[in-house]
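Take a look at the letters that make up each chain.
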Amino acid sequence: TIVTTVRMVWIAGRMHARPNRVQTAVEVIYSLMRDNITKGNMDDSLAAKWFPFLGALFLFIWFCNLIGYLPLPTSEQKFNVFGAHIPAFALYAATANISVPLILAVIVFVVFNWEGIRVQGPVGYVKSLIPAGVSGGILLLIFPLEVISTFMRLLSLTIRLFANILAGHMIILFMAGGLAVLLGLSFLGWFTLPFAVILYLFELGLVATLQAFIFATLAAIYISGAVTHH
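Residues numbered from 1 in each chain as written. Predicted model: local features only at pLDDT ≥ 70, side-chain atom pairs only at ≥ 80, totals over all residues. Heavy atoms only, no water.

## Structural notes on the overall build of the chain
Okay, so step 1: Secondary structure summary: the chain contains 6 helices and 2 strands in total.
Okay, so step 2: What you see in the chain, going N to C, is helices and strands ordered as α-α-α-β-β-α-α-α.
Okay, so step 3: Taken over C-alpha atoms, the radius of gyration comes to 22 Å for the chain, far larger than the 17 Å a tight globule of 230 residues would show.
Okay, so step 4: Dimensions of the chain along its principal axes, counting C-alpha atoms only, are 75 × 55 × 30 Å.
Okay, so step 5: Contacts in the chain between residues at least 24 apart in sequence constitute 68% of all its contacts with a sequence separation of at least 6.
Okay, so step 6: For the chain, the separation between the mean place of its 12 positive charges and that of its 8 negative charges on side chains is 6 Å. (Helix = DSSP H or I, 4+ residues; strand = E, 2+ residues; numbered from the N terminus. Rg over C-alpha atoms; globule rule 2.2 N^0.38 Å. Contact = heavy atoms within 4.5 Å. Lys, Arg positive; Asp, Glu negative; His and termini not counted. Charge placed at Lys NZ, Arg CZ, Asp CG, Glu CD.)

## What about the pairing of strand β1 (residues 78-81)?
Okay, so step 1: Looking at chain direction, β1 and strand β2 (residues 84-87) are connected through 4 bridges and run antiparallel. Pairing of K78 across the sheet is with P87, part of β2. (Pairing = 2+ DSSP bridges.)

## What about the packing of helix α2 (residues 21-38) against helix α6 (residues 188-226)?
Okay, so step 1: At a minimum axis separation of 9 Å, α2 and α6 run at an interaxial angle of 50°. One way to sum up the angle between α2 and α6 is to call them oblique. Here the hand of the crossing between α2 and α6 comes out right-handed. When α2 is examined against α6, the residues L32, N36 and I37 are found in contact with a partner set consisting of F213, A216, T217 and A220.
Okay, so step 2: Of the residues that constitute the contact of α2 with α6, the class distribution is 5 nonpolar, 2 polar and no charged. (Axes fitted to C-alpha atoms, helices over the stretch in contact; angles between N-to-C directions. Parallel < 35°, antiparallel > 145°, perpendicular 65-115°, else oblique. Left-handed = near helix turned anticlockwise from the far one by under 90°. Nonpolar A, V, L, I, M, F, W, Y, C, P; charged D, E, K, R; others polar.)

## Regarding helix α4 (residues 99-128)
Okay, so step 1: Over its 30 residues, α4 extends only 31 Å from the first C-alpha to the last, a length that falls short of the 44 Å expected when each residue adds 1.5 Å.
Okay, so step 2: Bending of α4 peaks at approximately 110° at the position of G121, with proline P122 no more than four residues after it. (Expected span 1.5 Å × (residues − 1). Bend = angle between axes of the 7 residues up to and from the residue.)

## Notes on the packing of aromatic side chains
Think of a pair of aromatic rings as described by two things: how far the centres are apart, and how the planes are tilted against each other in angle.
Okay, so step 1: One pass over the structure, following the stated rule, counts 8 aromatic pairs.
Okay, so step 2: A centroid spacing of 5.7 Å and a plane angle of 80° characterise the contact between W50 and F53, whose relative ring orientation is edge-to-face. Of the two residues, W50 and F53 are both situated in helix α3 (residues 44-67); the distance of 3 residues between them amounts to about one turn of the helix.
Okay, so step 3: Among the aromatic residues, those joined into a cluster by ring pairs are F109, F112, F151 and Y222.
Okay, so step 4: The ring of F112 carries R153 above its face, with NZ or CZ at 5.1 Å from the centroid. (Phe/Tyr/Trp six-rings, centres within 6.5 Å; stacked < 30°, edge-to-face > 60°. Lys NZ or Arg CZ within 6 Å of the ring centre and 35° of its normal.)

## Digging into the pattern of salt bridges
Okay, so step 1: Within the structure shown, the criterion is met by 3 salt bridges.
Okay, so step 2: Among the salt bridges present, the one from R118 reaches E115, with a minimum N-O distance of 3.1 Å. In this pair, R118 and E115 are both assigned in helix α4, 3 residues apart and thus about one turn of the helix distant.
Okay, so step 3: Look at R118 and you get partly exposed, because its relative accessible area is 46%. (Salt bridge = Lys/Arg side-chain N within 4 Å of Asp/Glu carboxyl O. Buried < 20%, exposed > 50% of the residue type's maximum accessible area, 1.4 Å probe, protein only.)

## Focus on the side chain of T150
Okay, so step 1: On the secondary structure map, T150 appears in helix α5 (residues 139-183).
Okay, so step 2: Of note is the side chain of T150, whose polar atom sits 2.9 Å from the backbone oxygen of E146.
Okay, so step 3: In contact with T150, not counting residues within four places along its chain, are F109, F112, N113 and L129. (Polar contact = N/O pair within 3.5 Å; in protein donor to acceptor, adjacent residues only side chain to side chain.)

In structure tokens:
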């Protein structure tokens, strides 16, 4: 939270008419959040209202993911260097702990349901869960399914972010030497290590950003859908 807030406020206070590389990169990210995540999934008036929330959500998850790919002394294991006990460095992302994606999913769940009830009223919002053209006895089957699918969004948001980041870290760990240790074949590490480097760059360069983008985009879709009648 501190890194997200301080970094963006610091950059915003140093904007120039002729942008440098940092400002150019930030403007690209801003356009991504404004045009693709927000305006791409809701009308202009709704986008203006929810852009700060969706932008903060994207940036927070993105920074959490990026920090998670920096080797930090997060392990309780230590190694000895000339008598000094140095904490072992490890990869650990907040988003690889299921509690963090879950609470973010709960926030999004509360937000889009609250917005739907505020705009359409409690009765109108419940009616909007029913697909257009569905009537009669089939409602007894469709309506419970729609309610369940709404609650399933909690799981889809949580597990998609949590599982992708955790799986990426585990694969890097296995390729970086974990597999060689488990099999008791130390020479195997020389062959798997290059793959670990490739996977690390792939996860850092693409997956960390992509998962933040997907989470924020789905949040935008859910909010937009909550205010429509069908």
